[in-house]
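Below are the chains, spelled out letter by letter.
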Amino acid sequence: MNNNTLRQCKAIIFDFGGTLDSDGEHWLDRFFELYEKTAIDLPRELIKKVFYQVDDACCTDPQVDRMGLRPLMKHHVHLQFEALELKDARKEAHMVDLFCAKTEYYLERNCQLLKRLRGPYKLGVVSNFYGNVSTICREAGLAECLAAILDSTQLGVGKPDPQIFRRALQEMGVVAEESIFVGDSYER
């Protein structure tokens, strides 16, 4: 990216998970760390398998689209514990608290950043999420800064499909040449 590109920039589109809710840390990596911090010794491949099973289940669960961060994480972690046949409510709650505390810190910090950026730029979110990214953005105070919030589960199309980006650009009233996308996954 050169200075001319930045001068032409009128809009910044952000990913949510791994971008606005952290500093580039994928949720799976966060869960590897959480299992370790909670003294639950499981093979990473098993954690990964269960994480993605629960990820898929959350995308098809009609209740999830109304959940804020803490209810979502309580649900997500509970489904992981069920799939792993773990029965320890204290550790389950501890994992939820650790995940949410870290996420809330980053959301609060990044909300301040978005407030500074919204003057010179139109801002948006495009995320492969569970149908509730707009709920979480509202809950965290981010939504007031965003001209568009697009969630793959709500739209039925996700990144890297150009259609989700075109829709965001249309909602924001800008063209691709005037926009930058910030995310944590080059493939997406």
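Note: the structure precedes this text.
A quick note: this is a predicted structure, and the numbers were derived from the prediction, not measured. Throughout this document, residue positions are counted from 1 along each chain, in the order its sequence is written. Where totals are concerned, whole chains, interfaces and linings use all residues; where local detail is concerned, this predicted model gives features only for residues with pLDDT of at least 70, and gives and counts side-chain atom pairs only at 80 or more. Calculated side-chain values reflect all of the structure's heavy atoms, with hydrogen atoms and water omitted.

> Help me get a handle on the packing of aromatic side chains, residues and values and all.
Two rings from Phe, Tyr or Trp (for Trp, the six-membered ring) form a pair when their centres are within 6.5 Å of each other. A pair whose planes differ by under 30 degrees is stacked, one over 60 is edge-to-face, and the rest are tilted. In total, this model carries eleven aromatic pairs according to the counting rule given. Between F16 and F129, the ring centres sit 5.3 Å apart and the planes meet at 80 degrees, which makes this aromatic pair edge-to-face. Pair noted here: F16 is in helix 2 (residues 16-20) and F129 is in the loop between strand 2 (122-127) and helix 7 (133-140), with a separation of 113 residues, a long-range link. The class for F16 is buried, based on a relative accessible area of 2%. On the numbers, 5.0 Å between centres and 80 degrees between planes, the contact of W27 with F99 is edge-to-face. On the criterion of sequence distance, the pair formed by W27 in helix 3 (residues 27-37) and F99 in helix 6 (residues 89-117) is long-range, its members being 72 residues apart. A helix here means a DSSP run of H or I that spans at least four residues, while a strand means a run of E at least two residues long, and both kinds are numbered starting from the N terminus. Partly exposed residues are those whose accessible area sits between 20% and 50% of the maximum for their type, while under 20% is buried and over 50% is exposed, using a 1.4 Å probe and protein chains only.

> Requested: an account of the side chain of S127, with residues and values cited.
Summarising the element assignment, S127 is placed in strand 2. In this description, contact between two residues means that some pair of their heavy atoms is separated by no more than 4.5 Å. Beyond its immediate stretch of four places on either side in the chain, S127 contacts D15, F16, G17, V133, L150, D151, S152 and K159.

> Provide a residue-level description of the environment of D184, including the pertinent values.
Note that D184 resides in the segment after strand 4 (179-182). Setting aside anything within four residues of it in sequence, one finds D184 in contact with D15, G17, G18, T19, G24 and H26.

> I'd like a rundown of the packing of helix 3 against helix 5 (residues 69-84), residues and numbers included.
In this description, a line fitted to the C-alpha atoms serves as the axis of each element, helices being fitted only across the stretch in contact, and the angle between N-to-C directions of two axes falls anywhere from 0 to 180 degrees. Put simply, helix 3 and helix 5 touch, their axes get as near as 14 Å, and they point 65 degrees apart. Helix-helix and strand crossings are classified by hand; for helix 3 and helix 5 the assignment is right-handed. On the side of helix 3, the interface is formed by W27, F31 and Y35, while helix 5 contributes L72, M73, H76, V77, Q80, F81 and L84. Residue polarity follows a fixed list, in which Ala, Val, Leu, Ile, Met, Phe, Trp, Tyr, Cys and Pro are nonpolar, Asp, Glu, Lys and Arg are charged, and the others, Gly among them, are polar. For the contact of helix 3 with helix 5, a count of residues per class yields eight nonpolar, two polar and no charged. Crossings are assigned a handedness: left-handed for a near helix turned anticlockwise from the far helix by less than a right angle, right-handed for a clockwise turn.

> Explain the environment of R166 residue by residue, including any values.
Tracing the chain through its elements places R166 in helix 9 (residues 162-172). For R166, a relative accessible area of 54% puts it in the exposed group. The spacing of R166 and H94 is 72 residues in sequence and 40 Å in space, taken between C-alpha atoms.

> Lay out the pairing of strand 3 (residues 148-151) with the relevant residues and their values.
Bridge count for strand 2 against strand 3 is four bridges, and the pairing is parallel. If you follow S127 over to strand 3, its bridge partner there is D151. Here a crossover is taken to be right-handed if, once the strands point away from the viewer, the path from the first strand over the helix to the second is traced clockwise. As for the winding sense of the linkage, the β-α-β connection from strand 2 through helix 7 to strand 3 is right-handed. Strands are labelled as partners when DSSP assigns at least two bridges between them.

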